[in-house]
Amino acid sequence: MMKRGCYNLMIQLTIIVVLVERSEGVWLNLPVEGTKCVSEEIQTNVVVLGDYVIDDNEGYNPSVSVRVTSPYGNTLHMKESVTHGQFAFTTKEAGQYLACFWTDRRVANGDLTLNLDWRTGIAAKDWETVAKKDKIEGVELELKKLEGAVEAIHENLLFLRRRESEMREVIELTNSRVAWYSFMSLAVCIVVSASQIAYLKRFFQKKKLI
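From a predicted model like this one, the values you see are computed outputs, not experimental measurements. Here the residue index of a chain counts from 1 through its sequence in written order. For a predicted model such as this one, the threshold for reporting local features is a pLDDT of at least 70, and the threshold for listing and counting side-chain atom pairs is 80 or more; totals across whole chains, interfaces and linings nevertheless cover every residue. Hydrogens and water are ignored here; the side-chain numbers use all heavy atoms of the structure.

Engineer: Could you give me a rundown of the packing of aromatic side chains, with the residues and numbers involved?
Structural biologist: Centre distance within 6.5 Å is the pairing criterion for rings of Phe, Tyr and Trp, where only the six-membered ring of Trp is used; planes under 30 degrees apart are then read as stacked, over 60 as edge-to-face, and the remainder as tilted. Applying the stated rule across the entire model yields seven aromatic pairs. With centroids separated by 5.6 Å and ring planes inclined at 65 degrees, the aromatic side chains of Tyr52 and Phe101 adopt a geometry described as edge-to-face. Of this pair, Tyr52 sits in strand 3 (residues 47–54) while Phe101 sits in strand 7 (residues 95–103); the two residues are 49 residues apart in sequence, bridging distant segments of the chain. As far as burial versus exposure is concerned, Tyr52 and Phe101 are alike and both buried. Here Phe89 and Tyr97 contribute two aromatic rings whose centre-to-centre distance is 5.7 Å and whose plane-to-plane angle is 25 degrees, an arrangement assigned as stacked. Labels follow the DSSP assignment, with helices taken as runs of H or I lasting at least four residues and strands as runs of E lasting at least two, numbered in each case from the N terminus. Type-normalised accessible area, obtained with a 1.4 Å probe on protein chains alone, sets the label of each residue: buried when under 20%, exposed when over 50%, and partly exposed for intermediate values.

Next up, the structure:
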């Protein structure tokens, strides 16, 4: 009974960790000409790890160039004429991070397939190294992963709260500007209408129509 309870606990912890971890493995079909990009919105102080490799089943020996940029356009990783590679960094800015790929030479079949494994947060953490360093395994390791998942959830909640506060400030500022714009537009309309009435009155008086 005790073993079954531990087994169920491990399953539940694993499910929670899997749901919280963010790991994306995608296949990109790169065009002969042009660039294919992958983006993700990431907050600050998050570890990002990416592995990419060309799926060269037909033996054309193609190569690609890759560039990873931050939300403000800073280059975090840049490689040219490679068949595989890896990038890793810790985010210093919150926003959309972009990884762009393009082919260096024409491919015989017209396109090129590239596999990208994009991991962020606790999904990018090397749990095998942690387990060996702390000499933990089994339930203890799953609890360690769960602790990391809880910290990630807490950081995400704080990030969402900050974003909500920023969006509220933007909305309030926009509403204030729209109100002032409406007031100024109404004032201009009143001034223009009064000027037109005064001009017409002088015109009719000059023509002795009134």
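Engineer: Kindly report on the environment of Glu41, identifying the contributing residues and their values.
Structural biologist: By the element assignment, Glu41 lies in strand 2 (residues 36–42). Pairing of N or O atoms within 3.5 Å defines a polar contact, subject to two protein rules: one partner must be a possible hydrogen donor and the other a possible acceptor, and residues neighboring in sequence count only if both atoms are side-chain atoms. There is a polar contact of 2.2 Å between the side chain of Glu41 and the side chain of Arg163.

Engineer: Which residues make up the pattern of salt bridges, and what are the values?
Structural biologist: Only one rule defines a salt bridge in this text: a Lys or Arg side-chain nitrogen within 4 Å of an Asp or Glu carboxyl oxygen. Summed over the entire model, instances satisfying the criterion amount to four salt bridges. Its salt-bridge partner being Arg163, residue Glu41 comes within 2.2 Å of it at the nearest N-O pair. Linking Glu41 in strand 2 with Arg163 in helix 3 (residues 139–206), this pair joins segments that are 122 residues apart in sequence. Relative accessible area serves as the criterion here: at 30%, Arg163 is assigned to the partly exposed category. Among the ionic pairs, Arg119 bridges to Asp117, the shortest N-O distance being 3.5 Å. With relative accessibility at 24%, the residue Asp117 sits in the partly exposed group. Connected through shared salt-bridge partners, Asp51, Asp117 and Arg119 make up one network.

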